Amino acid sequence: DSLYTMPIYKIKDDAITAVMSTTFAEQGIRELQDLQNMLKSQIGILVPDALIVAEEFSDWKDSKRRIDLLGIDKEANLIVIELKRTEDGGFMDLQAIRYASLISTLTFSKLVETYDKFLSKNNIEADATENLLEFLGWAEPDEESFAEEVKIVLASAEFSKELTSSVMWLNNSGLDIRCVRMQPYSNDGETLLDVQTIIPVPEMADYQIRIQEKKQQQRAARASSRDFTKYKIEVCGKSYSMQSKRGMMFSLIKELVDSGVHPTEIMEAIPHRKNRLFTIF
């Protein structure tokens, strides 16, 4: 099921009247030819402080897949923007993740070439390198600081609960995915567009970012505190090397049991684990 869309209302002649929701298809609005063309020059509607550098981007080998819009933010992070006019967003999250992985190795010099093609195609007379450097506030190209992250923006008329659940889980795992709902309404022959960021919830965005950062720090701390020490032991005339703690204890107890030592004797030798060392059945 899709998420519930709140109606919008207009106030006229001391009355509140609901404005009827519609669909992009009913309004004759197509994804690529219409939505993409309108948004590429007004991307601030979906993503603040971003610059579109390519449309229908597909500059990779062995793939016919295309990114609807490719952008860059002020921190020099690349932004994959996928547009859908469907009522549930389809599988755009998986598609966008694929695209993000494909462009993660893009260099600044390659982006300049891509952006130059975009400017020419749209009849914009400007120098690609100068425009990018001015946008980023850089005096000169900095490959090390370029594209440290790849962000994803999914824009659709609606999103299924399955998709939003997946996005929230992925964000908690360290990705940066934004879901923007674009709901059209029909009003006296005009088409109105209600644009709302639903993930992350605007009022909770800063809090969610802090939670994600904390989780990442906790995961890093757990990984760094793991004991990867390896042991070499000799028991009953046999030698075992490169043993983890668990492996060492397993080898030790196995050899003792195989040599005739009864489990109860082993339990008595380790009193603090006596009742938890074995399960008897």
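The structure this text deals with has already been given above.
This structure is a prediction, so every number in the text was calculated from the model and none was measured. (Residues numbered from 1 in each chain as written. Predicted model: local features only at pLDDT ≥ 70, side-chain atom pairs only at ≥ 80, totals over all residues. Heavy atoms only, no water.)

1. A short note on the pattern of salt bridges
Part 1: As enumerated under the stated definition, the model contains nine salt bridges in all.
Part 2: Glu55 is the partner of Lys40 in a salt bridge, and the nearest nitrogen-oxygen pair spans 3.1 Å. Of this pair, Lys40 sits in helix α1 (residues 31-40) while Glu55 sits in strand β3 (residues 50-57), and the two are 15 residues apart along the sequence.
Part 3: Since its relative accessible area comes to 18%, Lys40 is described here as buried.
Part 4: A salt bridge links Lys110 to Asp59; its shortest N-O distance comes to 3.1 Å. Remark: Asp59 occurs in the loop between β3 and β4 (67-73) and Lys110 occurs in helix α3 (residues 108-121); sequence separation between them is 51 residues.
Part 5: Under the relative-accessibility criterion, Lys110 is labelled partly exposed at 30%. (Salt bridge = Lys/Arg side-chain N within 4 Å of Asp/Glu carboxyl O. Helix = DSSP H or I, 4+ residues; strand = E, 2+ residues; numbered from the N terminus. Buried < 20%, exposed > 50% of the residue type's maximum accessible area, 1.4 Å probe, protein only.)

2. With respect to the nonpolar core
Part 1: One finds Leu46, Leu70, Ile72, Ile81, Leu111, Leu132 and Leu154 to be the most contacted residues of the largest nonpolar core, which totals 58 residues.
Part 2: Those residues in contact with Ile72, other than ones at most four positions away along the chain, are Asp49, Ala50, Leu51, Val53, Asn77, Ile79, Leu111, Leu132, Phe135, Leu136 and Phe146. (Core = buried A, V, L, I, M, F, W, Y, C linked by side-chain atoms within 4.5 Å. Contact = heavy atoms within 4.5 Å.)

3. Quick word on the packing of aromatic side chains
Part 1: Under the criterion given, the structure shown has three aromatic pairs.
Part 2: Arranged with centres 5.7 Å apart and planes meeting at 85°, the rings of Phe108 and Phe146 form a pair that is edge-to-face. In this pair, Phe108 is assigned in helix α3 and Phe146 in the loop between α4 (128-136) and β6 (150-156), connecting sequence segments 38 residues apart.
Part 3: For Phe108, a relative accessible area of 2% puts it in the buried group.
Part 4: Accessibility expressed as a relative area gives 6% for Phe146, which makes it buried.
Part 5: Ring centres of Tyr115 and Phe118 lie 6.4 Å apart, and the angle between their planes is 20°; on these two criteria the pair is classed as stacked. Of this pair, Tyr115 and Phe118 both sit in helix α3, three residues apart, roughly one helical turn.
Part 6: Relative accessible area serves as the criterion here: at 3%, Tyr115 is assigned to the buried category.
Part 7: An aromatic cluster is built from Phe108, Trp138 and Phe146, whose rings are joined through pairwise contacts. (Phe/Tyr/Trp six-rings, centres within 6.5 Å; stacked < 30°, edge-to-face > 60°.)

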